[in-house]
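# Descriptive structure summary
The chain contents come next:
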Amino acid sequence: RFYEKVQALHQDPKASVDNPLLAFSLIKRLHSDWPNIIYSDEATENIQALHAGFKEVEQELPGAEDLDGAARALMRLQDVYALSVKGMANGVFQRAGSGHPPLYSPGRRISLSADDCFHVGKVAYDMGDYYHSITWLEEAVGLFRLSYGSWNPEDRSSLEDALDHLAFSYFMAGNISHALSLSREFLHYDPSNRRVARNVAKYKKLLEMGTRGAMVPHPATVPTSHALLGLLPPQPAPEHLPHLGCSYETNGNPYLFLQPAKKEMVWIQPYVALYHDFISDAEAETIKGLAGPWLQRSVVASGEKQQKAEYRISKSAWLKDTADPVVRALEQRIAAITGLDLRPPYAEYLQVVNYGLGGHYEPHFDHATSRKSPLYRMKSGNRIATVMIYLSAVEAGGSTAFIYANFSVPVVK
């Protein structure tokens with residue numbers, strides 16, 4: 001049954017990666033659903049063969065970090081695009097509130113299970129993020145109620161688990177009366193649970209005392225990141241900005257005489273130029289193929305060290321020009337259009353970045369802003385320009401935002 005279900009969902013491998021919900025559910029199936037099936041009571045027949053088969057591939061499967069990262073990615077998409085959790089659980093990417101058209105309509109629609117929603121909520125709960133845990137656990141509770149009495153061997157959670165975590169999330173958000181009613185519902189299914197019975201008594205006492213006299217945490221609030229763009233003035237229309245236009249550029253370089261670069265000026269201050277058709281499909285595929293085996297979780301500079309950071313979610317690999325003639329040709333092209341010297345030590349190697357599922361990089365400067373930075377002690381000096389090349393298109397959303405200048409450039413291959 002499980003095999004047939006997975007086969008039906010992932011007939012088109014590309015769709016599984018393009019749709020964030022399919023990608024999340026695929027990672028979850030491989031990390032937790034499949035082991036739950038393998039080690040369930042129902043799998044007593046052929047148990048040795050199943051265990052041996054699973055052990056053979058276990059090292060190559062997604063780990064707990066991958067699954068939790070995928071759950072955080074769904075929450076990030078929820079925040080950035082103000083998506084409805086109920087909509088996402090039903091496979092629809094739509095802004096919260098009625099009457100909004102979908103932001104993205106995947107070719108194949110998939111809905112999330114109660115256990116899927118519970119896992120996203122539990123990741124938020126474990127981080128102390130009760131704003132997100134409430135929205136996802138509410139959805140999990142609703143779905144578990146609908147299917148109460150039936151049970152899937154791949155599920156790790158139950159209605160009782162969802163009620164338990166949701167009740168405490170509401171308590172931490174300051175809504176004691178709702179925490180009480182959810183705990184009472186829990187005791188209806190599991191009357192002998194002493195811990196929840198003690199919580200019920202505690203919530204009743206707090207309500208009798210009146211919440212003013214009790215130490216109750218503040219209600220959960222929407223993350224403040226939404227406010228950032230709301231405080232900026234409206235973006236001026238391009239036709240009202242002088243000096244912006246398109247041109248064929250040779251930059252005085254013989255390399256570009258027969259095939260000038262297609263340049264679009266996007267902004268003057270800061271200087272942002274967009275070069276169309278800069279890389280061919282074949283070159284992009286070659287570069288992705290070269291980088292694939294070397295992709296590692298991206299790091300950021302922290303003093304003299306490099307470390308992972310939650311504000312940069314991606315995997316990256318560095319490519320020297322000796323890796324392939326395509327890399328060397330690309331570096332020549334960059335040097336021709338910018339007029340900059342890309343030979344060591346004047347430029348860094350090309351870095352290939354994969355943003356995966358809902359990846360992002362929060363606002364930052366590409367150049368070092370402190371004299372203590374190791375960049376100042378290197379012969380190359382500080383960074384003066386960045387070239388970004390989009391190697392693939394995105395299904396929906398995605399852009400590079402220049403937040404102080406208040407404009408963004410969409411991702412186009």
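Residues numbered from 1 in each chain as written. Predicted model: local features only at pLDDT ≥ 70, side-chain atom pairs only at ≥ 80, totals over all residues. Heavy atoms only, no water.

Turning next to the overall build of the chain. In terms of regular secondary structure, the chain is built from 14 helices and 12 strands. Counting only residues that meet the buried cut, the chain has 36% of its 413 residues in that class. Taking all contacts inside the chain whose residues are at least 6 apart in sequence as the whole, residues at least 24 apart take part in 57%. Carbon and sulfur atoms make up 55% of the accessible area of the chain, which totals about 25300 Å². (Helix = DSSP H or I, 4+ residues; strand = E, 2+ residues; numbered from the N terminus. Buried < 20%, exposed > 50% of the residue type's maximum accessible area, 1.4 Å probe, protein only. Contact = heavy atoms within 4.5 Å. Areas by Shrake-Rupley, 256 points an atom, 1.4 Å probe, with all protein chains shown as cover.)

Here we take up the pattern of salt bridges. Under the counting rule described, the total for this entry stands at 15 salt bridges. Here E283 ties to R333 by a salt bridge, and the two come within 2.7 Å at their closest N and O atoms. With E283 in helix α13 (residues 281–291) and R333 in helix α14 (residues 325–338), this residue pair connects regions lying 50 residues apart in the sequence. Using a relative accessible area of 15% as the deciding quantity, one classes E283 as buried. Among the charged side chains, a network of salt bridges with common partners joins K28, D33, D115 and D116. (Salt bridge = Lys/Arg side-chain N within 4 Å of Asp/Glu carboxyl O.)

The first and last C-alpha atoms of helix α5 (residues 64–80) sit 24 Å apart over 17 residues, in line with the 24 Å expected at 1.5 Å per residue. All of the buried residues along α5 are L67, A70, A71, A73, L74, M75, R76, L77, Q78 and D79. Following α5 by one or two positions, A82 has its phi on the positive side, about 50°. (Expected span 1.5 Å × (residues − 1).)

Summed over the entire model, instances satisfying the criterion amount to 12 aromatic pairs. Where Y148 meets Y189, the ring centres are 4.6 Å apart and the plane angle is 45°; that geometry is what we call tilted. Pair noted here: Y148 is in the loop between α8 (130–146) and α9 (159–172) and Y189 is in helix α10 (residues 176–189), with a separation of 41 residues, a long-range link. An angle of 50° between the planes, with centres 5.8 Å apart, marks the rings of F168 and F171 as tilted. Remark: F171 and F168 occur in helix α9; sequence separation between them is 3 residues, near one turn of the helix. Here the aromatic cluster, defined as three or more aromatic residues joined through ring pairs, consists of Y125, Y130, F168, F171 and Y203. Geometry around F278 places R333 over its ring, the cationic atom sitting 5.8 Å from the centre. (Phe/Tyr/Trp six-rings, centres within 6.5 Å; stacked < 30°, edge-to-face > 60°. Lys NZ or Arg CZ within 6 Å of the ring centre and 35° of its normal.)

This paragraph deals with empty space enclosed by the protein. Taken as a whole and assessed by the stated rule, the structure comprises 1 cavity of 30 Å³ or more. In this structure, the largest cavity encloses a volume near 40 Å³. In terms of lining, the largest cavity is formed by L163, D164, A167, F168, L182, S183, F186, V196, N199 and Y203. Residue assignment for the lining of the largest cavity shows that the elements contributing at least two residues are α9, α10 and α11 (194–209). A per-element tally of the lining of the largest cavity places α9 first, with 4 residues. When its residues are assigned to classes, the lining of the largest cavity shows 7 nonpolar, 2 polar and 1 charged. (1 Å grid on protein atoms, 1.4 Å probe; cavity = no way out; pocket = protein on both sides within 12 Å on 5 of 7 lines; lining within 4 Å. Points joined across faces, edges and corners; volume = space filled by probe spheres on them. Nonpolar A, V, L, I, M, F, W, Y, C, P; charged D, E, K, R; others polar.)

Next up on the list: the environment of A114. The topology assignment puts A114 in helix α7 (residues 114–126). By relative accessible area, which is 10% here, A114 ends up buried. Expressed as a C-alpha distance, the spacing of A114 and E138, which sit 24 residues apart in the sequence, is 9.8 Å. Beyond its immediate sequence surroundings of up to four residues, A114 is in contact with A140, L143 and F144.

As a further point, take the confidence of the model for the chain. Averaged over all residues, the pLDDT of the chain is 85; the fraction at 70 or higher stands at 88%. Low pLDDT, under 50, characterises residues 212–232; the predicted model gives this stretch 26 contacts beyond four residues in sequence or across chains. (pLDDT = per-residue confidence, 0-100.)

Burial analysis of strand β2 (residues 261–267) places 5 of its 7 residues in the buried class, the great majority of the element. Alignment of β2 against strand β3 (residues 272–276), held across 5 bridges, turns out to be antiparallel. From the neighbouring strand, W267 faces β3, where its bridge partner is V272. (Pairing = 2+ DSSP bridges.)

Glancing now at the packing of α8 against α9. Orientation of α8 relative to α9, taken along the N-to-C sense of each, is 150°, at an axis distance of 9 Å. Judged by the inter-axis angle, α8 sits roughly antiparallel to α9. As for how α8 packs across α9, the hand of that crossing is left-handed. Within the contact between the two elements, α8 uses Y130, S133, I134, L137, E138, A140, V141, F144 and R145 and α9 uses L159, A162, L163, H165, L166, F168, S169, Y170 and M172. Class assignment of the residues belonging to the contact of α8 with α9 gives a composition of 13 nonpolar, 3 polar and 2 charged. (Axes fitted to C-alpha atoms, helices over the stretch in contact; angles between N-to-C directions. Parallel < 35°, antiparallel > 145°, perpendicular 65-115°, else oblique. Left-handed = near helix turned anticlockwise from the far one by under 90°.)

Note on soluble globular proteins: their nonpolar side chains tend to be buried together. F24, L74 and W136 are the most contacted members of the largest nonpolar core, which has 52 residues in total. Both domain 1 (1–60) and domain 2 (66–209) contribute no fewer than three residues apiece to this core. Not counting chain neighbours up to four residues away, the residues in contact with F24 comprise L67, A70, A71, L74, L112, D116, V120 and L357. If you look at the next biggest cluster of nonpolar residues, it comprises 19 residues, including L256, A284, V327 and L330. (Core = buried A, V, L, I, M, F, W, Y, C linked by side-chain atoms within 4.5 Å. Domains from an automatic or database assignment.)

Attention now goes to the sheet that holds strand β9 (residues 350–354). Pairing is antiparallel across the open sheet formed by 3 strands, whose spatial order is β4-β8-β9. Each end of this open sheet is capped by a strand with a single partner; those strands are β4 (296–297) and β9. In the sheet, strand β8 (residues 315–319) pairs with β9 via 5 bridges, with the strands oriented antiparallel. Looking at the pairing, A317 lines up with V352 of β9.

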